[in-house]
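Coordinate inspection notes
Each chain, written out:
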Amino acid sequence: MYRPMELLRLLFCCVAIPAVVASGFGKCPNYPSMPKFNMTKFLGKWYEVERSFYLPELASGCTTLTFENTTLRDGAGRNQLEISIKSVNQWTGNPSVSIGEAIPESETSSIMAVQLQSRLPTAIARLLPGSGRYQVLYTNYDNFAILWSCTSFVAVHADQIWLLGRERDYSTEIRKKIYNALEQLSLEPERLFISKNKNCPSTL
């Protein structure tokens, strides 16, 4: 059971963390769903290759995201996906696993609502890092995917970018293609950091 003071601290973190990475004034940009998005092709394991600054991932490395189909449907009849996020703390060497559900807006939408499992009340768990609205802006399914999330506040918005790959790194040609796509979307590649992917356990 969480005490009122602990809940207040958690709520403060939920508000303060995005504020640290606010990247612009006004509301979040509105990107349409990727045309003809094929969720079946997108399923499977992805490695985090690059990302923008994201405080909850400051010590994380060797991060993988796995999307799998489930037999469950939500109240609107949409398929639920199971998502598992695995990483290693680069300071302690301890592994971490987060499990959750992702619900696409429709069968052909690249926009999904993600809810990670938590012991906290649902109203608070939805505000925690990792849960929220995510969008696959662009992918070729075989090599790379651009994953994006954004939250609007009173006068600013905070967004994060993750570049995912089927391998832990890209070829120069693929990276150039991704950066060009980001620039067309007015997202600066200069914001990105190379993810920590050295000496990763074979189990990730």
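Here's what I pulled together on the structure shown here.

On to the pairing of strand E9 (residues 156-165), then. Among the ten residues that make up E9, nine are buried, leaving the element largely enclosed by the rest of the structure. As defined by bridge partners, strand E2 (residues 44-52) adjoins E9 across four bridges and the pair is classed as antiparallel. Residue pairing across strands places Glu-50 opposite Leu-163, the latter belonging to E9. Here strand E8 (residues 144-152) folds back onto E9 in antiparallel fashion, the turn holding three residues.

This brings us to the packing of aromatic side chains. What describes a pair of aromatic rings is the distance from one ring centre to the other and the angle between the planes of the rings. If you walk through the whole model with that rule in mind, you get seven aromatic pairs. Centroid distance Phe-42 to Phe-67: 5.1 Å. Interplanar angle 55 degrees. Geometry classified as tilted. One end of the pair, Phe-42, is in helix H2 (residues 39-42); the other, Phe-67, is in strand E3 (residues 60-73), and 25 residues separate them in sequence. Pairwise contacts between aromatic rings join Phe-37, Phe-42, Trp-46, Phe-67 and Tyr-141 into one cluster.

The next point concerns the nonpolar core. Phe-42, Phe-67 and Met-112 are the most contacted members of the largest nonpolar core, which totals 22 residues. If you list the elements that add at least two residues to this core, you get H2, E3, strand E4 (79-89), strand E6 (111-116), strand E7 (132-139), E8 and E9. With three residues, E6 is the single largest residue contributor to this core. If sequence neighbours within four positions are ignored, Met-112 has contacts with Met-39, Phe-67, Ala-102, Ile-103, Pro-104, Gly-132, Arg-133, Tyr-134 and Val-136. Counting 16 residues, the second-largest nonpolar core is a separate cluster that includes Leu-137, Trp-148, Leu-182 and Leu-192.

We now examine the state of the cysteines. Evaluation of the coordinates by the stated rule reveals two disulfides. Each sulfur of the disulfide joining Cys-62 and Cys-200 lies 2.1 Å from the other. Between Cys-62 and Cys-200, the S-S torsion sits near -90 degrees, and that sign places the bridge as left-handed. Placement of the pair is Cys-62 in strand E3 and Cys-200 in the segment after strand E10 (192-194), with a sequence separation of 138 residues. Relative accessible area serves as the criterion here: at 2%, Cys-62 is assigned to the buried category. Disulfides within the protein link the bonded cysteines, taken in sequence order, as 1-3, 2-4.

Parameters at a glance
Residues numbered from 1 in each chain as written. Predicted model: local features only at pLDDT ≥ 70, side-chain atom pairs only at ≥ 80, totals over all residues. Heavy atoms only, no water. Buried < 20%, exposed > 50% of the residue type's maximum accessible area, 1.4 Å probe, protein only. Helix = DSSP H or I, 4+ residues; strand = E, 2+ residues; numbered from the N terminus. Pairing = 2+ DSSP bridges. Phe/Tyr/Trp six-rings, centres within 6.5 Å; stacked < 30°, edge-to-face > 60°. Core = buried A, V, L, I, M, F, W, Y, C linked by side-chain atoms within 4.5 Å. Contact = heavy atoms within 4.5 Å. Disulfide = S-S within 2.5 Å.

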